Each structure stands twice: as C-alpha cells, then as structure tokens.
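# Architecture and fold: a report
Residues per chain, in single letters:
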Amino acid sequence: MTLRSVILGTGSALPRRRVDNAELAKTVDTSDEWIVARTGIRSRYIAGEGETTSSLAIAASKRALEAAGLPATDIDLIILATATPDQTFPASATTVQAGLGINDCVAFDVAAVCSGFLYAVTVADNMLRGGAAKTALVIGSETFSRILDWEDRTTCVLFGDGAGAIVLQAQETDAATGRGIIANRLHADGRHNGLLSVDGGPSTTGTVGKVRMKGQDVFRHAVVNLAQVMQEVLDDAGLSAADVDWVVPHQANARILDATARKLGLDPARVVVTVDRHANTSAASVPLALDVAVRDGRIKTGDLVVLEAMGGGFTWGACALRF
Ligand code: COA
C-alpha cells in the first residue's frame, strides 16, 4: 500500500456570455476562417458584470465538492492557480475560502500562468502525502479577458475565461493498481519570460498591464517542452504512451495538441480537446477540460490520465494519475 492523492470529484464553471469568432470579428480585424485554421478556436466565454476569478472558482468548487459528496468543511487546504486574481492581495484563495464558508484552512494562490494548475496539483500532492493536509481543493480560475489588449488581434482572439476544480484526498491505495497521482514533474526557464508576459504589475508600472506574446516562439518551445515533460512523468511512473487512456492537455491551440501527440506517438482520439469551445483559459484550462471529459463519460474511474501544461515564464509540467 502507498499514500496517494486521489481525485474524488471535479467541477467547472463558465461565464454566462459566449462569444463566437464571428461576433469577435465585428470589433477586431480578424475572421472566423483565420482563427479556426490557426488555432482551432471557435468560441470562448467572457466574464461580465459581477463575474470574477473568485466567483467562477467558487462555482467550480461547489460542483467539485458535490461530485465528491463532501461538505466544504472537510477541506483543509485550498490552492488556487491564477494569473488574474481579484486583487493584487489578499490571495483570491481566501475569498474562495470565505465564499465556501470554510473558516479555518490553509489557503493560497499559485502563479504559474497557464501551467498554474499543474504547479498547484504538485504542491497539493506533496502537502497531502506529507501530512500537512488531508483533503484539498485545487482550482484553476481566470478572467484573462480583463488583461487582454482588445486592439491586439494576435492575442485577444486566443483567450477566454473560466474555472475548474478538483477535490484531492490523501488515501492509502495499492501501489500497482490503486487510484491517485503517480508522478509529477515541473520545470521553469525564466530566460524566456519576455516571450509571454504582461506589460505591467504592482512593482513596476503600478498598473495591471496587458498580455503580450511572441506567438511563434511560444509555439516552438511548447511542442518540445510538453512532449519532453510528458515522457518524463511516464518514465517516472514506469509507463509508456500505449498505457495512457486519456491526455488532458492545456488548451492553447489545436495545432500544439496535435503536434505534441504526434511527437509522443499518442493516439489523437485519446486527447481531450476543448480549445474549440473555451479557447485558452490559462490555469483553468486543464481542470475545465478534465471536468468536461469526466462528466461526458469519457474519463472513468481507474483510467490512466496524463495532465500537461505550459505557460509564461516559461513554466511547464505534467502529472500522471489513475483517476
Ligand atoms: N486574425 C487575422 N490575422 C491575424 C490574426 C488574427 N487574429 N493574428 C495575426 N494575424 C496575421 C498576422 O498579422 C500575420 O500577417 P502577415 O503575414 O501579413 O504579417 C499572419 O496572420 C500570420 O501571423 P503569424 O503570427 O505568423 O501566425 P501563426 O501561424 O504563427 O499563428 C498563433 C499565430 C498565435 C496562433 C500561433 O503562433 C500560436 O498559437 N502560438 C502559440 C500561442 C500559445 O499557445 N500561447 C499560449 C501558451 S500558454
């Protein structure tokens, strides 16, 4: 037997307003044809009045707790991955905590942009297995629309808003066949942080700033780094690509998903794709896609699942688990 962090439930939430490419093309110099051909994106959800990173996170968390069949008061750790917190401080995780009616637990944010959820899961997994907590809510939530430059067609068409959450609990499981997280790997290489960043911040401009990206450079690094980190977690877990039931990747661009799957020799039919309907929701994209595939019946208990993501920093990571 071995102690593992097991996913007991998943949940997600989207803003009310869905914006398709044709609607975007009314205000941005772009077209549905260009966006679909270059990215696979057809629509995204954009937060409106009263919809915030914490409100979406709370809604996703409630669904995850309901799926897990646990009351919020069982949670003793909340980690929220986000690059778009409600405020510079306090951590939005504490707003989520208050919104869920949990009066005492550990709660903090993790900032690793699009790979934030993988960072958060890895931190939670280590805290759970180390005994610092028993049952965690791990959330990715973003309102990226609020830091987009809507005059910059090379970035504004790519992103959307949303949230996803999982309930993770430390459980004794069979080492060979048991459920839970088997392996995690994280990386960062700050030499590239100018390729995908925000041109503001509290300590520099005193403003929030807008997203700036050198898309082609990001694309090139993404395929190489993602294929490498997925191979690393498979090696750590003693598994091969053929053992994988589902890959739940960060949803940035359909072409990156295809190229990465090809590089690893993975069947594209085993890759969960939601980028067409959600666009890139940064830290929310992996838990959002996971929840979609769990609720539509594709991912079942016992399936071998690999999560992966890469984002600004660059930061990247992967996680192999038995669902
Ligand atoms: N609509 C229409 N035309 C657009 C456009 C838009 N929204 N955005 C850019 N263009 C134009 C460019 O101006 C350029 O025109 P030009 O040839 O006249 O100069 C042309 O389309 C090609 O631009 P390019 O940047 O070479 O396109 P691309 O094939 O590299 O695709 C991305 C651009 C951003 C879709 C692609 O680089 C990408 O997906 N990169 C990774 C981004 C990513 O995943 N980031 C998040 C990681 S977490």
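Below or above, wherever it landed, is the structure these notes cover. (Residues numbered from 1 in each chain as written. Predicted model: local features only at pLDDT ≥ 70, side-chain atom pairs only at ≥ 80, totals over all residues. Heavy atoms only, no water.)

## Re the overall build of the protein chain
A count of helices and strands for the protein chain gives 10 helices and 13 strands. Computed over the C-alpha atoms, the radius of gyration of the protein chain is 18 Å, within 12% of the 20 Å expected from 2.2 N^0.38 for a compact globule of 323 residues. If you line up the protein chain on its principal axes, its C-alpha atoms span 55 × 45 × 40 Å. When burial is assessed residue by residue, the protein chain has 56% of its 323 residues classed as buried. Of the contacts made within the protein chain by residues no fewer than 6 positions apart, 77% connect residues no fewer than 24 positions apart. For the protein chain, the centre of its 30 positive side-chain charges and the centre of its 36 negative side-chain charges are spaced 3 Å apart. (Helix = DSSP H or I, 4+ residues; strand = E, 2+ residues; numbered from the N terminus. Rg over C-alpha atoms; globule rule 2.2 N^0.38 Å. Buried < 20%, exposed > 50% of the residue type's maximum accessible area, 1.4 Å probe, protein only. Contact = heavy atoms within 4.5 Å. Lys, Arg positive; Asp, Glu negative; His and termini not counted. Charge placed at Lys NZ, Arg CZ, Asp CG, Glu CD.)

## Focus on the nonpolar core
Counting 45 residues, the largest nonpolar core has V157, V211, M230, V244, L266, V306 and F314 as the members making the most contacts within it. Among the secondary structure elements, those contributing two or more residues to this core are α7 (215-237), α8 (254-264), β12 (304-311) and β13 (315-322). Of the residues forming this core, the biggest block, 10 residues, is contributed by α7. L266 has contacts with M230, A241, V244, V247 and A261, leaving out every residue within four places of it along the chain. In this structure, L168, A170, A283 and A293 belong to the second largest nonpolar core, which totals 35 residues. (Core = buried A, V, L, I, M, F, W, Y, C linked by side-chain atoms within 4.5 Å.)

## What to know about the layout of surface pockets
To find the voids left in a structure, one rolls a probe of water-molecule size over its atoms. Roughly 820 Å³ of internal volume is contained in the largest pocket. Contributing to the lining of the largest pocket are 34 residues, with A83, T84, P85, I147 and V208 lying nearest its centre. Among the elements that take part in the lining of the largest pocket, strand β9 (residues 196-198) stands out by supplying three residues, more than any other. Broken down by class, the residue content of the lining of the largest pocket amounts to 15 nonpolar, 16 polar and three charged. Of the domains in this structure, domain 1 (2-173) and domain 2 (180-322) are the two that each give at least three residues to the lining of the largest pocket. (1 Å grid on protein atoms, 1.4 Å probe; cavity = no way out; pocket = protein on both sides within 12 Å on 5 of 7 lines; lining within 4 Å. Points joined across faces, edges and corners; volume = space filled by probe spheres on them. Nonpolar A, V, L, I, M, F, W, Y, C, P; charged D, E, K, R; others polar. Domains from an automatic or database assignment.)

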